[in-house]
Structures are given as structure tokens and as C-alpha cells.
Amino acid sequence: MKFKSIFSVFIALFLFLSPACSAPSESTDETLGLNADFMRGFDASMVSQLEEYGSSFYNENGAKEDIFKILKAHGVNWIRLRIWNAPQDSTPGQNNYERTLAMAKRIKQNGLKFLLDFHYSDSWADPAKQSLPAEWDNVSSIEELCSKVSEYTKKILTDLKNEGCAPDLVQLGNEINSGMFLTKSDGTTASSIDCYSWTGHTEGKKNLLKVLQSASSAVSEIDSSIKKMIHLASSKGDNFDWWFKNLQNLKGVDYDYIGLSYYPFEEHGTLKQLRENIAYLKKTYKKQILVAETSWAWSMEAYGDSTSNIVWYEPAGIQAAKNLVDSKTTQLKNLKTQTYSGKKCVQASVQNQATVVKAIMEATSNAGGCGVFYWGGDWIPNSKIQDTWENQTLFDLEGKALESLNVFLTE
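Residues numbered from 1 in each chain as written. Predicted model: local features only at pLDDT ≥ 70, side-chain atom pairs only at ≥ 80, totals over all residues. Heavy atoms only, no water.

A. Geometry of the overall build of the protein. A tally of regular secondary structure across the protein gives 10 helices and 10 strands. The C-alpha radius of gyration of the protein comes to 21 Å, within 12% of the 22 Å expected for a compact globule of 411 residues. By sequence separation, contacts in the protein at least 24 residues apart represent 76% of the contacts at least 6 residues apart. Taken as two groups, the 42 positive and 49 negative side-chain charges of the protein have centres that lie 5 Å from each other. (Helix = DSSP H or I, 4+ residues; strand = E, 2+ residues; numbered from the N terminus. Rg over C-alpha atoms; globule rule 2.2 N^0.38 Å. Contact = heavy atoms within 4.5 Å. Lys, Arg positive; Asp, Glu negative; His and termini not counted. Charge placed at Lys NZ, Arg CZ, Asp CG, Glu CD.)

B. Representation of the packing of helix α8 (residues 271-285) against helix α10 (residues 350-366) in the model. Following both chains from N to C, one finds α8 and α10 inclined at 30°, their axes separated by 8 Å at the closest point. Where α8 crosses over α10, the handedness of that crossing is right-handed. Residue-level inspection shows Leu271, Leu274, Arg275 and Ile278 of α8 in contact with α10, the latter providing Ala359, Ile360, Ala363 and Thr364. Each residue belonging to the contact of α8 with α10 can be placed in one class, and the counts come to six nonpolar, one polar and one charged. (Axes fitted to C-alpha atoms, helices over the stretch in contact; angles between N-to-C directions. Left-handed = near helix turned anticlockwise from the far one by under 90°. Nonpolar A, V, L, I, M, F, W, Y, C, P; charged D, E, K, R; others polar.)

C. Region of interest: unusual backbone geometry. A cis geometry characterises the amide bond from Glu314 onward to Pro315, with omega recorded as 10°. Along the chain, Pro315 falls in helix α9 (residues 313-323). Residues other than glycine seldom take positive phi values, yet Phe181 does so here, at roughly 55°. Secondary-structure assignment places Phe181 in the loop between β4 (169-172) and α6 (202-222).

D. Molecular detail of the sheet that holds strand β5 (residues 227-233). Read around the closed barrel, eight strands run β1-β2-β3-β4-β5-β6-β7-β10, paired in parallel fashion. Put simply, the sheet's adjacent strands are angled 25° from each other on average, direction ignored. Sheet contacts for helix α4 (residues 97-109): β2 (78-83) and β3 (113-118); angle to β2, the most-contacted strand, approximately 175°. (Pairing = 2+ DSSP bridges.)

E. Highlighting the side chain of Asn246. With respect to the element layout, Asn246 can be found in helix α7 (residues 241-246). Take Asn246: its relative accessible area is 15%, and that puts it in the buried class. In this structure Asn246 touches Ser197, Trp198, Thr199 and Lys205, once residues within four positions along its chain are discounted. (Buried < 20%, exposed > 50% of the residue type's maximum accessible area, 1.4 Å probe, protein only.)

F. Spotlight on the pattern of salt bridges. Considering all chains together, one arrives at 18 salt bridges under this definition. Note that Glu52 is salt-bridged to Arg99, the shortest N-O span being 2.9 Å. Pair noted here: Glu52 is in helix α2 (residues 47-52) and Arg99 is in helix α4, with a separation of 47 residues, a long-range link. On the basis of relative accessible area, Glu52 is assigned to the partly exposed category, the value being 46%. (Salt bridge = Lys/Arg side-chain N within 4 Å of Asp/Glu carboxyl O.)

G. Up close: the nonpolar core. By size, the foremost hydrophobic cluster in this structure holds 111 residues, and its most contacted members are Leu145, Trp243 and Phe395. For this core, the element with the most residues is helix α5 (residues 142-162), which contributes eight residues. Formed by 10 residues, the second largest nonpolar core is a distinct cluster that contains Met39, Trp78, Leu290 and Cys370. (Core = buried A, V, L, I, M, F, W, Y, C linked by side-chain atoms within 4.5 Å.)

H. Representation of α9. Most of α9 sits inside the fold, with eight of its 11 residues counted as buried. Of the residues making up α9, those classed as buried are Tyr313, Ala316, Gly317, Ile318, Gln319, Ala320, Ala321 and Asn323.

I. Main features of the confidence of the model for the protein. On average, residues of the protein carry a pLDDT of 91, and 92% of them reach 70 or more. This stretch, residues 1-29, has a pLDDT under 50; its non-local contacts, to residues over four places away or in other chains, come to 52 contacts. (pLDDT = per-residue confidence, 0-100.)

J. Molecular detail of α5. Taking 1.5 Å as the rise per residue, α5 with 21 residues should run 30 Å; its terminal C-alpha atoms sit 30 Å apart, in good agreement. Burial in α5 covers these residues: Ile142, Leu145, Cys146, Val149, Ser150, Tyr152, Thr153, Ile156, Leu157, Asp159 and Leu160. Close packing links the buried residues of α5 with β2, α4, β3, β4 and α6. One or two steps after α5, the chain reaches Gly164, where phi turns positive at roughly 75°. (Expected span 1.5 Å × (residues − 1).)

K. Highlighting the packing of aromatic side chains. In the structure shown here, the tally under the stated rule is 21 aromatic pairs. Ring geometry for Phe118 versus Tyr120: centroids 5.2 Å apart, planes at 10°, classification stacked. By relative accessible area, which is 0% here, Phe118 ends up buried. Relative accessible area serves as the criterion here: at 1%, Tyr120 is assigned to the buried category. Where Trp375 meets Trp389, the ring centres are 4.8 Å apart and the plane angle is 75°; that geometry is what we call edge-to-face. Of this pair, Trp375 sits in the segment after β10 (371-374) while Trp389 sits in the segment after β10; the two residues are 14 residues apart in sequence, bridging distant segments of the chain. Across the pair, exposure class does not vary: Trp375 and Trp389 are buried alike. (Phe/Tyr/Trp six-rings, centres within 6.5 Å; stacked < 30°, edge-to-face > 60°.)

Below, the structure written as C-alpha cells:
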């Protein structure tokens, strides 16, 4: 983590003047030769709130332009949006029904594919937090919960379809490693239901399977052409065999994709393990595999507010140096590192940001994966939104497209 202080300015000056840490001069226009249908995805879930609060996005020439036009011009072909049931205005990225509908129309108007990410919560859902929407807090049985999930899913998809902006792919929960609906909206235990995936939660595993069956069936009932995805967060190179076995290999769940979050600065495992896991999951479960979330920093000194950022030299940069290793991923030869506190650390620069994303795309493609989605690329600074991600965007602090956005361009 970092602290925004005068001390950081001296660090920045030192790194700037040091030959070992200077920004590389290579261009970011090297292409990977990916298939034309490879999913070059961008999560645009912050756009609606940022624009409401006055932010704008600019192309590489500095001209103000619709972000979706900018993204498409740079090779992006898929957009991902999360949807929360009834988010609080104070929560960053609070995509409710109305904002999702408006964004979905713009996505389709720009000729882009659309992935809708159901969190089934009023706020962030991830391995450490899976909370019921407040309106569902009083659910007292798994049957009632399944009914709520089905009704909500069908309403959202029906309205999107009627407006001509139905998603092409739907995510049934977000990073559901530990399960879903594990607490009430206030964080207290949801004792009336148990949807844990862990070994030992006999009823929980059965209940989680029922919830996923209900969500999947609801999607198919509205439009059988919409594909469905299960989303898990990478964890120390785990191939998730235990997860699928605990849930009877998702018996009765109609789904087409498995999505993995892979952040090189987290304990998500090495790039080699990601590549091997993608190949294993595809072979074992006969599904399309993609990286649903990833990112890296273009600067350690890019501060838009007084909030500490997620990525800083230590521990994030050091962890990334441990993770970004794979002898079969040629893009890693371009990765720039430095020493920080006596440890190897991945540099943060526009070029290195592009290199990291290219390496993840290469590893994914080589393993038979079908796409990579960049997360938080739109989270530029705004005085009304607390920001911990401004140094990992694909736009600078003023909203101008960075050269690293070119990683999505085809030959």
C-alpha cells in the first residue's frame, strides 16, 4: 500500500532519474495474433456513476468522446457490467437497474458484445463477502431464496431484451468460491439458509447448487441464446477440482463458460499455473474458459485523491514479480522489474501495464482460453468517489486514453 505524501514525490523523482527504473521506450503496438473472436473485454461498471458526477473520457488525441467509441476503436469487442440489486449512492460503482439499462443500450449501439455480471447483492460480492440484498434479508428457506433469484433474474433480462439490449453472456454470481448469500445485508449470519461451497457444509453445497440451477433456468427461460458463466477468483494456483466436486460437478446447471479472476498482485498463483488451470478446466469440464478480471498499474505515483491505492511497490509489486513467471509465455521477456526494499518488484509504467495484459492474453490463448477482461480500466479520479484504483486505469488521471489501451488491437 502507499501513502500520499511528500515522501512519495521523492521516491518518484528517484525512480525517474534512475537508469535501472526508467520507463522503457518500446512501443505498445506489438500485436499477439489472437483469433478475431477472442474476447478482448473491458469492465465498464464505473462509467455511469463517473459520468453522472461530471467525468469525461478522451481519445488519444485529447478529444472528448463516448468511452464505448474509444474502446471499440482500440480493439475492445466485449463490455462487462456488474449489476447490484439496490446499491447505496455512497458505494463506488453502484450500478442499479436504471444505470445498467442505460449503459446496455450504449453498449449495443456501439456494436459491442455485452456480459452482464449478476452479483445478487446490494454491494460488492467476492470470496470474502457474499451478502443478501436487503430486500431478501427475511428469506426463511432455500425454496424462497431460489424463487427470489429466479424472479429477479427474469425481470432484469426481460426488460433488457424488450429494450433491444439483452446481454450475450450472463454471470451467475461474482467470485463465488465460498458460496453465495452467506450473510444478511448488514453482515450478520444468514442462519436460515446455508449456501457455502466448503467441504463439511453438506446442506450448504446442496443449497448453492439449487440457487445456481434456479439462476441458470431463469436465463434460459427468457432467452435460450444467452450464454451463462460461473465465476471464481484464482487462489494460489488452485484448479478448483474440489469446488466442482463439492457441487456434484454442477449437476443440473446449464452453463457455458468458466471465468477466473487473475490479479498478478494478489496471491492468485503464477501465470504458468493460470495457463495450466485454463487448459485443465477446459479439458475436464468441457466449457469455454476466460479471464473475467485482471489489471496492472501504469504508475505508482498516480494519485487522484488522498486514498491509498491497491497497487504499490510492496506488497503488490513484489507479489507480481513472484506471479508473473511462465517459460512458455514469450511476452514476459518484455517485463520490466526493479528492486524495492531489497526485493524484486514489477515496475509500474504504461509499457509494463501493456506487457502484463499481453502476457495474460497470450497465456490464456495458448491454453485454449477464449478471452480476457480488464477490470477497473475506467475508474478515473472524481472528487465525489473514493478511488483506490486510479493507477490501474487504461486512461490517465484526466480521462485521456493511455497507449496501453492498444493491447486489444488486432493485426
